[in-house]
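Analysis of the macromolecular model
Now for the letters of each chain:
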Amino acid sequence: RAPPRRAHDDAPTTMDGVVRAFARRCAARMRISRVAASRSASTGIADDDARRARVNRALYRAKQRGFLELDIVVGEWASRVLVNADVKFLDEFDAVLEAENPDLFKWLTMQEEAPAEYKANAAYRSLEAHCVKFLDEKSDKETRAAMGREWIRGWNDTGKGNQ
């Protein structure tokens, strides 16, 4: 008798297999989104369902970035703002969600200047304003990193606060 099969037995064992499996999943997601788009173009009810699904997807991505600080700040902002957002705003927020976590964190905490394409993005500007307000309410400016300088991890012996 053959031993029972386990779920991981079908997992790809080579990097090439992993890449092919990822490509299959991406292609399936693209087919699903095309079907949803064609359905939303045909009826008003599907439009509402497609919009709700898009908002829920954006909320999930905002709350589950894998970077705890961003999960909290971006997720809380998205919960309040995206419910009433129009399609253009959702498009712009999707572009913000494509940013890498360390970069987005540094931009939102004023450690680095955001690139021009983000500064021109309405969703980013709204999120940035939320973060600035949050930082002003919750932390003393002397405890934050100076513009262009990363936060120090651990003890600061200089006693100067923000480096």
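Refer to the preceding data block for the structure.
For the structure given in this document, a descriptive report is provided here.

Reading the values: the criteria
Residues numbered from 1 in each chain as written. Predicted model: local features only at pLDDT ≥ 70, side-chain atom pairs only at ≥ 80, totals over all residues. Heavy atoms only, no water. Helix = DSSP H or I, 4+ residues; strand = E, 2+ residues; numbered from the N terminus. Buried < 20%, exposed > 50% of the residue type's maximum accessible area, 1.4 Å probe, protein only. Contact = heavy atoms within 4.5 Å. Areas by Shrake-Rupley, 256 points an atom, 1.4 Å probe, with all protein chains shown as cover. Axes fitted to C-alpha atoms, helices over the stretch in contact; angles between N-to-C directions. Parallel < 35°, antiparallel > 145°, perpendicular 65-115°, else oblique. Left-handed = near helix turned anticlockwise from the far one by under 90°. Nonpolar A, V, L, I, M, F, W, Y, C, P; charged D, E, K, R; others polar. Salt bridge = Lys/Arg side-chain N within 4 Å of Asp/Glu carboxyl O.

1. So, the overall build of the protein chain
Looking only at helices and strands, the protein chain features 7 helices and 0 strands. Reading the protein chain from its N end, one meets helices and strands in the order α-α-α-α-α-α-α. Per-residue burial over the protein chain gives 29% buried out of 163 residues. Intrachain contacts of the protein chain at a sequence separation of at least 6 include 51% that bridge at least 24 residues. Put simply, the protein chain shows about 11,600 Å² of open surface, and 56% of that area lies on carbon and sulfur atoms.

2. A closer look at the packing of helix 3 (residues 68–81) against helix 5 (residues 101–108)
At a minimum axis separation of 10 Å, helix 3 and helix 5 run at an interaxial angle of 60 degrees. Judged by the angle between their axes, helix 3 and helix 5 are oblique. Viewed along their axes, helix 3 and helix 5 form a crossing whose handedness is left-handed. Along its contact with helix 3, which presents Glu 69, Leu 70 and Val 74, the element helix 5 presents Asn 101, Leu 104, Phe 105 and Leu 108. The residue inventory of the contact of helix 3 with helix 5, partitioned by class, reads 5 nonpolar, 1 polar and 1 charged.

3. A closer look at the pattern of salt bridges
Within the structure shown, the criterion is met by 10 salt bridges. The shortest N-O distance in the salt bridge between Asp 49 and Arg 52 comes to 3.2 Å. Remark: Arg 52 and Asp 49 occur in helix 2 (residues 44–63); sequence separation between them is 3 residues, near one turn of the helix. On the basis of relative accessibility, which here comes to 44%, the residue Arg 52 falls in the partly exposed class.

4. Considering unusual backbone geometry
In this structure, Met 110 is a non-glycine residue whose phi angle is positive, near 65 degrees. When you line up the elements, Met 110 lands in the loop between helix 5 and helix 6 (116–119).

5. Description of the packing of helix 4 (residues 87–97) against helix 7 (residues 122–138)
One can describe the packing of helix 4 onto helix 7 by two numbers: an axis separation of 7 Å at closest approach and a directional angle of 70 degrees. By the angle between their directions, the pair helix 4 and helix 7 is classed as roughly perpendicular. Contact residues: helix 4 offers Phe 89, Glu 92, Phe 93 and Val 96, while helix 7 offers Ala 122, Ala 123, Tyr 124, Ser 126 and Leu 127. In terms of residue class, the contact of helix 4 with helix 7 is built from 7 nonpolar, 1 polar and 1 charged.

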